[in-house]
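Here is what each chain is made of, one letter per residue.
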Amino acid sequence: MHSVVLALAAALMVPTSASAQSGSVEVRFTGAQPRGPVLVQLSTESEFMRPSRFQASITPNADGTAVARFSGVPAGRYAVSAYQDVNRDGRLTFGGMMGAPVEPWGYSRGARGVMGPPRFEDAAMRVGPSGGVIRVALGL
């Protein structure tokens, strides 16, 4: 009986769930315009450019900064993609030179694609068990 209690106590001390090994990720933005929400997504590779479990709509400050916070983020590799919905139509608006976006947008690590979004590898960052801070500059 004593060994069963010790085994149970030892099992309870070992984190077995993702929540026990997850943290908080703060995404800090610069370059936002004074109108329209910033729509942000924190994605794993399989979620990149698809719906993600970590999404937010945040209001930028007057100085062009904004902060999104995600809790319960398991350790791993993630990329941030974001755009500011200046015209509030619910999507990134294109139409600039050669069909470029006309609303501020950005990815983690300053990743840029050629004639489209960047690759996950170019935007990916490692998030540890305690979380972290990711900076993204929005621009055209």
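Preceding this section is the structure that the text describes.
Residue numbering note: each chain is counted from 1, following its sequence as written. Only residues with pLDDT of at least 70 are given local features in this predicted model, and only at 80 or more are side-chain atom pairs given and counted; all residues enter the totals for whole chains, interfaces and linings. To obtain the side-chain values, all non-hydrogen atoms of the structure were included, while hydrogens and water were left out.

S.K.: Whenever I open this one, the nonpolar core confuses me. Can you help?
M.R.: General note: in soluble globular proteins, nonpolar side chains tend to be found buried as a group. Val27, Phe29, Leu42, Phe70, Val73 and Val80 are the most contacted members of the largest nonpolar core, which totals 20 residues. Every helix listed is a DSSP run of H or I at least four residues long, and every strand listed is a run of E at least two residues long, numbered separately from the N terminus. Listed by contribution, the elements that provide at least two residues to this core are β1 (22-30), β2 (38-43), β3 (54-58), β4 (66-74), β5 (76-84) and β8 (131-137). Only heavy atoms enter the contact rule, under which two residues are in contact if any of them lie within 4.5 Å. With residues up to four places along the chain from it excluded, the contact list for Leu42 reads Val25, Glu47, Ser52, Phe54, Phe70, Val73, Tyr78, Ala79, Val80 and Ile134. Buried Ala, Val, Leu, Ile, Met, Phe, Trp, Tyr and Cys residues that are joined via side-chain atoms within 4.5 Å together make up what is termed a nonpolar core. Note on exposure labels: buried denotes an accessible area under 20% of the residue type's maximum, exposed denotes more than 50%, and partly exposed covers the range between, all computed with a 1.4 Å probe on protein chains only. Listed in part, the ten residues of the second largest apolar core include Phe48, Ala79, Leu92 and Ala111.

S.K.: Hey, could you run me through the pattern of salt bridges in this one?
M.R.: Two side chains bearing opposite charge may form a pair once their charged atoms approach each other closely. Salt-bridge detection follows one rule: a side-chain nitrogen of Lys or Arg within 4 Å of a carboxyl oxygen of Asp or Glu. According to the stated counting rule, one finds six salt bridges in the structure shown. Between Arg28 and Glu26 there is a salt bridge, with the nearest N and O atoms lying 2.5 Å from each other. Judged by its relative accessible area of 33%, Arg28 falls in the partly exposed class. Here the salt bridges share partners, and the residues they tie into one network are Glu26, Arg28 and Arg69.

S.K.: Explanation requested: the pairing of β2 in the structure shown.
M.R.: Along any regular strand, the residues point their side chains to alternate faces of the sheet. Taken across its six residues, β2 has five buried, putting it largely inside the fold. Two strands make a pair as long as DSSP finds a minimum of two bridges between them. Where β2 meets β3, five bridges bridge the pair, whose relative direction is antiparallel. Looking at the pairing, Leu42 lines up with Phe54 of β3. Both β2 and β5 contribute to a ladder of six bridges, which runs antiparallel. Bridge pairing in β5 places Val38 opposite Gln84.

S.K.: Please explain the environment of Pro34 as it appears in this structure.
M.R.: By secondary structure assignment, the location of Pro34 is in the loop between β1 and β2. As for Pro34 and Val86, which are separated by 52 residues in sequence, their C-alpha atoms are 8.6 Å apart.

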